[in-house]
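Coordinate analysis (summary)
Given next are the chains, with one letter for each unit.
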Amino acid sequence: MRIYEIGTGYTPIPAQMGAATEIVVEELTRSFIKNGEDAVIVDIKAQNRAKIDLPILEVSVPKVFTKTDVSLGIMHKLKRVVYSLSLARKLKSILKNTNEKVVLHFHNQYNLFFFLKLTSKKLLQKATVAYTVHSYIWGDEWEKIEKTVRKKYFQEIFCVKNADKVLVLNDITTDHFVKQLGVDKAKIIKVQNGVNTTKYSPLSNEEVDNFKRKQGLEGKKIIFQVGSVCERKNQLGTVEMLTDYLKQNPNTAYLYAGGVIDGEYQNAIMEKARQNGIEAQVKYVGELAPGEELNRYYNAAKVSVFTSKLESFGLVIIEAISSGTPVIVGSNLMFTLDGGYSIYNDEKEFVSSVKAALEEKKEKTNCSRFAEGYSWDRVAKQHKYIFSK
């Protein structure tokens, strides 16, 4: 049984930026192959694809659509459609020329929607169509999201109703699909994402000190946050909660990393810091490459915080935990992990938890036991079992 892991077309695999879904596709495929499975990535054609040790079938699109649009504007949406149409042709050709049952594992609603619309039922019988729901919108209460999902997520609704297997990252998504959309519960399975414990692991004190020195952070206690810079990720809220603490502790710095989706929001963060006289302690470190570079920042931090207003699953949370860094997340996030982090309910608890982590004297935590439970090899085995049922 060959497994085709379908890239979304957002940015080429391997991702050189914070693109969680592309990371999932890459790591799943690598672990499938490591576990002895026949797996290949299907992805957008890229002239300057970074070096990768995995088989990739490329899908061509006009050159104008090869650039990654981090602002998620109109070109991003057009690119999604153009890539999805080309992808459908590629996958139909694969199915026409195969005599074995294959798995097509999709990760984006545009990709699967157009494939299902353009592929005959006869041809679909040659594949098990699996779809992982990465959209964060389903992690909120139904009353808050109903109008939005009916209007803007009609493609995803069509996908979950017509896929053979639907993989979700949290329980509330299952509840919405079954109770509100009438999706067959038997085909919905919760499988959470994994972490590459080789890429994200504790560094030595010497390595951390050298990195901080090069970054001009020597002697600083660092609070770190990773995520696209936008209202949903709530970096401004983090700065607001930390303002008084930063004023009282000039040797503490708040660093945040991620692609800037909303330029006005980014400006608001820096303006808030300037107004409160903490601009020297609030630092945007840019869009960090996944892996070695990001792991250095996790290790340099005394604590990683995740104050997002809504998430489907926090890949960066388990990356930070795997690096050995204390992690603090909000109780509003409707997914759970098997430990490894602290939860806050309000601003007072948040600041108290941050303070405790910054004052902690212990060495980096060995999270090998936790990380083992979320290793990509284990996650890949779960996927293979689901695909084979």
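No experiment lies behind these values; they were computed from the predicted model shown.

Digging into the sheet that holds strand S6 (residues 165–168)
With respect to topology, seven strands assemble into an open sheet ordered S3-S2-S1-S4-S5-S6-S7, the strand pairing being parallel. Taken across any chain shown, the strands that pair with only one partner, and hence form the sheet edges, are strand S3 (56–59) and strand S7 (188–190). Each adjacent strand pair in this sheet contributes to an overall mean axis angle of 25 degrees, direction not counted. Bridge analysis of S6 against S7 gives three bridges, and the strand direction is parallel. Counterpart to Val 166 in the pairing with S7 is Ile 188.

Brief notes about the sheet that holds strand S13 (residues 342–344)
Sheet strands pair via backbone hydrogen bonds, and the direction of the pair is either parallel or antiparallel. Read across the open sheet, the six strands follow the order S10-S9-S8-S11-S12-S13; overall the sheet is parallel. Of all strands in the sheet, those bounded by a partner on one side alone are strand S10 (282–284) and S13. Direction aside, the axes of adjacent strands within the sheet are offset by 25 degrees on average. Pairing of strand S12 (residues 327–330) with S13 involves three bridges; the strand directions are parallel. Of the residues in S13, the one forming a bridge with Gly 330 is Tyr 344.

Overview of the nonpolar core
As a rule of thumb, soluble globular proteins bury nonpolar side chains together. Leu 91, Leu 104, Phe 106, Leu 112, Phe 115, Trp 138 and Phe 177 are the most contacted members of the largest nonpolar core, which totals 45 residues. Those residues in contact with Leu 112 that sit more than four places away from it in its chain are Phe 106, Val 129, Tyr 131, Cys 159 and Ala 163.

What about the packing of aromatic side chains?
For the coordinates displayed, the defined rule picks out 14 aromatic pairs. Plain terms: the ring middles of Phe 106 and Phe 115 are 5.4 Å apart, the flat faces sit at 35 degrees to each other, and that makes the pair tilted. Phe 115 matches Phe 106 in its accessibility class, with the two residues each being buried. In this structure an aromatic cluster arises from ring pairing among Tyr 200, Phe 211, Phe 224, Tyr 297 and Tyr 298. Over the ring of Tyr 136 we find Arg 232, and its NZ or CZ is 3.6 Å from the ring centre.

Here we look at the side chain of Lys 233
Mapped onto the elements, Lys 233 comes out in the loop between strand S8 (221–226) and helix H9 (235–248). Reaching out from Lys 233, the side chain makes a polar contact with the side chain of Glu 311 at a distance of 2.5 Å. When residues no more than four places from it in sequence are discounted, the contact partners of Lys 233 are Gln 225, Gly 227, Ser 228, Thr 307, Ser 308 and Glu 311.

Description of a nonpolar patch on the surface
The grouping of Val 64, Ile 74, Met 75 and Leu 78 at the surface amounts to a nonpolar patch, some 370 Å² of accessible area in total. Following the sequence through the fold, Met 75 ends up in helix H2 (residues 74–96). Its relative accessible area of 35% is what places Met 75 among the partly exposed residues.

Conventions and cut-offs
- Residues numbered from 1 in each chain as written.
- Predicted model: local features only at pLDDT ≥ 70, side-chain atom pairs only at ≥ 80, totals over all residues.
- Heavy atoms only, no water.
- Pairing = 2+ DSSP bridges.
- Helix = DSSP H or I, 4+ residues; strand = E, 2+ residues; numbered from the N terminus.
- Axes fitted to C-alpha atoms, helices over the stretch in contact; angles between N-to-C directions.
- Core = buried A, V, L, I, M, F, W, Y, C linked by side-chain atoms within 4.5 Å.
- Buried < 20%, exposed > 50% of the residue type's maximum accessible area, 1.4 Å probe, protein only.
- Contact = heavy atoms within 4.5 Å.
- Phe/Tyr/Trp six-rings, centres within 6.5 Å; stacked < 30°, edge-to-face > 60°.
- Lys NZ or Arg CZ within 6 Å of the ring centre and 35° of its normal.
- Polar contact = N/O pair within 3.5 Å; in protein donor to acceptor, adjacent residues only side chain to side chain.
- Patch = residues over 30% accessible without salt bridge, like charges linked within 9 Å, V, L, I, M, F, W, Y side chains within 5 Å.
- Areas by Shrake-Rupley, 256 points an atom, 1.4 Å probe, with all protein chains shown as cover.
- Salt bridge = Lys/Arg side-chain N within 4 Å of Asp/Glu carboxyl O.

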